[in-house]
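As a plain string of letters, each chain reads:
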Amino acid sequence: MPLQVELVAADRSVWSGEATLVRARTVDGEIGIMAGHEPLLAVLADGEVSVSGPGGGTTVHVDGGFFSVDSDRVTIVAETVTEGAGRPAEAL
């Protein structure tokens, strides 16, 4: 069963969909999430968030925020989200 992922910035929805792996940097270190992961709430550090899945995914840079995992649902809420070399990520 894939993960259901929602990535949002303070002002918009950035990406949502199914994923097999989500990677992010938290204030406690790097984390990788796959289906079946235990519930988790973490504070994001500034850095890269990568979402990989069967239908594609996204890689963005976030400036802080929160990362929540519960029942194969991953919610990432960041103050700002940029894609690539500083371009704002496109809303889906």
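As the structure is a prediction and not an experimental result, all values here were calculated from the model.

**Regarding the confidence of the model for the protein**
With 90% of its residues at a pLDDT of 70 or more, the protein shows a mean pLDDT of 90. The low-confidence segment residues 85-92 (pLDDT under 50) makes 19 contacts with residues lying over four places distant or belonging to another chain.

**Brief notes about the environment of Asp46**
Within the secondary structure, Asp46 sits in strand 5 (residues 40-53). Its relative accessible area of 46% is what places Asp46 among the partly exposed residues. In this structure, the C-alpha to C-alpha distance between Asp46 and Gly65, residues 19 residues apart in sequence, is 8.3 Å. The contact partners of Asp46, leaving out residues within four places of it in the chain, are Arg25, His61, Val62, Asp63 and Gly64. Polar side-chain contacts of Asp46 include one of 2.8 Å to the backbone nitrogen of Gly64.

**Quick word on the pairing of strand 8 (residues 73-78)**
Along any regular strand, the residues point their side chains to alternate faces of the sheet. Side chains Val74, Ile76 and Ala78 of strand 8 all project onto a buried face; the interleaved residues Arg73, Thr75 and Val77 project onto a face where none is buried. Pairing of strand 1 (residues 3-9) with strand 8, which is carried by 6 bridges, proceeds in the parallel orientation. Each residue of the ladder has a partner; that of Gln4, found in strand 8, is Arg73. Relative to strand 8, strand 7 (residues 65-70) runs antiparallel, the two sharing 6 bridges. By the bridge assignment, Gly65 is partnered in strand 8 with Ala78. Where strand 7 hands over to strand 8, the hairpin turn is made up of 2 residues, of which Ser71 adopts a positive phi near 50°.

**Concerning the pattern of salt bridges**
Tallying each qualifying case throughout the model produces 2 salt bridges. Across the pair Arg12 and Asp11 runs a salt bridge whose closest N-O atoms are separated by 3.1 Å. Residue classification places Asp11 among the exposed positions, given a relative accessible area of 62%. One salt bridge connects Glu30 with Arg25, and the closest N-O pair in it is separated by 3.1 Å. Given a relative accessible area of 38%, Arg25 falls into the partly exposed group.

**Section: a nonpolar patch on the surface**
On the surface, Val27, Leu41, Val43, Phe66 and Val77 cluster together into a nonpolar patch covering about 480 Å² of accessible area. Note on placement: Phe66 falls in strand 7.

**Digging into the environment of Ala19**
Tracing the chain through its elements places Ala19 in strand 2 (residues 12-19). Take Ala19: its relative accessible area is 0%, and that puts it in the buried class. Here the alpha-carbon distance between Ala19 and Ile33, two residues 14 residues apart in the chain, equals 9.7 Å. Apart from residues lying up to four places away in sequence, Ala19 is in contact with Pro2, Leu3, Val5, Val51, Ser52 and Gly53.

Conventions and cut-offs
Residues numbered from 1 in each chain as written. Predicted model: local features only at pLDDT ≥ 70, side-chain atom pairs only at ≥ 80, totals over all residues. Heavy atoms only, no water. pLDDT = per-residue confidence, 0-100. Contact = heavy atoms within 4.5 Å. Helix = DSSP H or I, 4+ residues; strand = E, 2+ residues; numbered from the N terminus. Buried < 20%, exposed > 50% of the residue type's maximum accessible area, 1.4 Å probe, protein only. Polar contact = N/O pair within 3.5 Å; in protein donor to acceptor, adjacent residues only side chain to side chain. Pairing = 2+ DSSP bridges. Salt bridge = Lys/Arg side-chain N within 4 Å of Asp/Glu carboxyl O. Patch = residues over 30% accessible without salt bridge, like charges linked within 9 Å, V, L, I, M, F, W, Y side chains within 5 Å. Areas by Shrake-Rupley, 256 points an atom, 1.4 Å probe, with all protein chains shown as cover.

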